[in-house]
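Residue-level listing of the chains:
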Amino acid sequence: MRDDLRPLQELVQIYVLQEQMDGALEVLRNELKRNPNSSQVKLLLGDTAATAGQYDLAIEQYLQVAGGKSRFRRY
């Protein structure tokens, strides 16, 4: 995993500014597939998902970074 995530962050920001949230999330999901243990990518995915209103995805990513388990069950 590269240490400098600025290019990824900037690409995601471009998608967000253009209100193309699906594109931003897709880029991040692809990056996470390449680097599944990257806490930085998970946090960026969580933040972007929250911005997109996809709160379940955001919480899932934050919990993975924190190493915790959800106290909430999905119905």
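Asks: Where do I start with the pattern of salt bridges in this structure?
Replies: Working definition: two side chains of opposite charge can pair if their charged atoms are close together. Inspection of the entire model under this criterion finds two salt bridges. Between Asp4 and Arg6 there is a salt bridge; the shortest N-O distance is 2.8 Å. With a relative accessible area of 34%, Asp4 lands in the partly exposed category. Relative accessible area serves as the criterion here: at 51%, Arg6 is assigned to the exposed category. Glu31 is the salt-bridge partner of Arg34, the closest N and O atoms lying 3.0 Å from each other.

Asks: Help me understand helix 3 (residues 39-51), please; the structure alone is not making it clear to me.
Replies: Each turn of an α-helix holds 3.6 residues, which means side chains three or four residues apart point in the same direction. The end-to-end C-alpha separation of helix 3 is 18 Å, in line with the 18 Å expected for 13 residues at 1.5 Å each. Turning to helix 3, its buried residues are Val41, Lys42, Leu44, Leu45, Gly46, Thr48 and Ala49. Next to the buried residues of helix 3 lie helix 1 (6-17), helix 2 (21-34) and helix 4 (55-66). Positive phi appears at Gly53, one or two residues downstream of helix 3, with a value of about 80°.

Asks: Would you take a moment to explain the confidence of the model for the protein chain for this structure?
Replies: Considering every residue of the protein chain, the mean pLDDT works out to 90; 87% of them sit at 70 or more. Taken element by element, the predicted model of the protein chain shows its lowest mean pLDDT in helix 4 (95) and its highest in helix 2 (97).

Asks: In this structure, what is going on with the side chain of Glu31? I would like to understand it.
Replies: You can see Glu31 is positioned in helix 2. Using a relative accessible area of 3% as the deciding quantity, one classes Glu31 as buried. A distance of 3.0 Å separates the side chain of Glu31 from the side chain of Arg34, its partner in a polar contact.

About the thresholds
Residues numbered from 1 in each chain as written. Predicted model: local features only at pLDDT ≥ 70, side-chain atom pairs only at ≥ 80, totals over all residues. Heavy atoms only, no water. Salt bridge = Lys/Arg side-chain N within 4 Å of Asp/Glu carboxyl O. Buried < 20%, exposed > 50% of the residue type's maximum accessible area, 1.4 Å probe, protein only. Helix = DSSP H or I, 4+ residues; strand = E, 2+ residues; numbered from the N terminus. Expected span 1.5 Å × (residues − 1). Contact = heavy atoms within 4.5 Å. pLDDT = per-residue confidence, 0-100. Polar contact = N/O pair within 3.5 Å; in protein donor to acceptor, adjacent residues only side chain to side chain.

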